[in-house]
Amino acid sequence: MRKTERYPVKWEGSSLWNLYKTVSFAKVAKNFAVIQIARYTPFFRMKNWLYRTFLRMEVGNRTAFALMVFPDVMFPERIRIGSNTIIGFNTTILAHEYLTDEYRIGDVIIGDRVMIGANCTILPGVTIGDGAVVSAASLVNKDIPPGAMAGGNPVRIIFTEEEAARRKTDVPKV
């Protein structure tokens, strides 16, 4: 189960129609501009500096965001990414979701040495453990344990860290 905070709304229209009652327009505009610059820059250190400095994201050392990665524009400070992690091309990391009669916010925690393939969507309230691998085009709607291989839409665990270790020891020696 994803860990999100739920906020019912009683406004006229959907929660998204009223989003500036939940987050300021100035914050969204600034975040959008910073994200657009970072999406197109080929320099990893610059991207990480932009995310840490202007979006207040926690980004570990030597983490690499590929081109076109889109972190949450409204609540990027709710995203924490460990060291030596790779976020694949065109991945979206959401810390919010606006529904018709409520909105939800949740921390996204991505561990150290994680590999996230291209074109993934990571939903709010998800934790991806250290050393996990998420295959391309996955919808990450639940936690991924450390060292696991996961993929699909919606994501499922393909094998755990323990199963991978067993496979290595089960290989016949030639």
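Residues numbered from 1 in each chain as written. Predicted model: local features only at pLDDT ≥ 70, side-chain atom pairs only at ≥ 80, totals over all residues. Heavy atoms only, no water.

This part takes up unusual backbone geometry. Residue proline 154 follows asparagine 153 across a cis peptide bond; omega there is 0°. Mapped onto the elements, proline 154 comes out in the loop between β16 (149-151) and β17 (156-159). Positive phi is not limited to glycine here, since methionine 68 has a value of about 70°. Relative to the elements of secondary structure, methionine 68 occurs in the loop between β3 (64-65) and β4 (70-71). (Helix = DSSP H or I, 4+ residues; strand = E, 2+ residues; numbered from the N terminus.)

As for its placement among the helices and strands, alanine 29 is situated in helix α1 (residues 25-40). Judged by its relative accessible area of 36%, alanine 29 is partly exposed. Distance from alanine 29 to glutamate 161, taken between C-alpha atoms, is 41 Å for residues 132 residues apart in sequence. (Buried < 20%, exposed > 50% of the residue type's maximum accessible area, 1.4 Å probe, protein only.)

With respect to the helices, strands and loops of the structure, serine 15 is situated in the loop between β1 (5-8) and α1. Other than its neighbours up to four places away in sequence, serine 15 contacts Val9, Tyr98, Leu99, Thr100, Glu102 and Tyr103. (Contact = heavy atoms within 4.5 Å.)

This next bit is on the pairing of strand β9 (residues 102-105). Burial along β9 is two-sided: Glu102 and Arg104 facing one way and Tyr103 and Ile105 facing the other are all buried. Sheet analysis places strand β8 (residues 96-98) next to β9, joined by three bridges and oriented antiparallel. Following the sheet pairing, histidine 96 is matched in β9 by isoleucine 105. Linkage of β8 to β9, two consecutive antiparallel strands, is achieved through a turn of three residues. (Pairing = 2+ DSSP bridges.)

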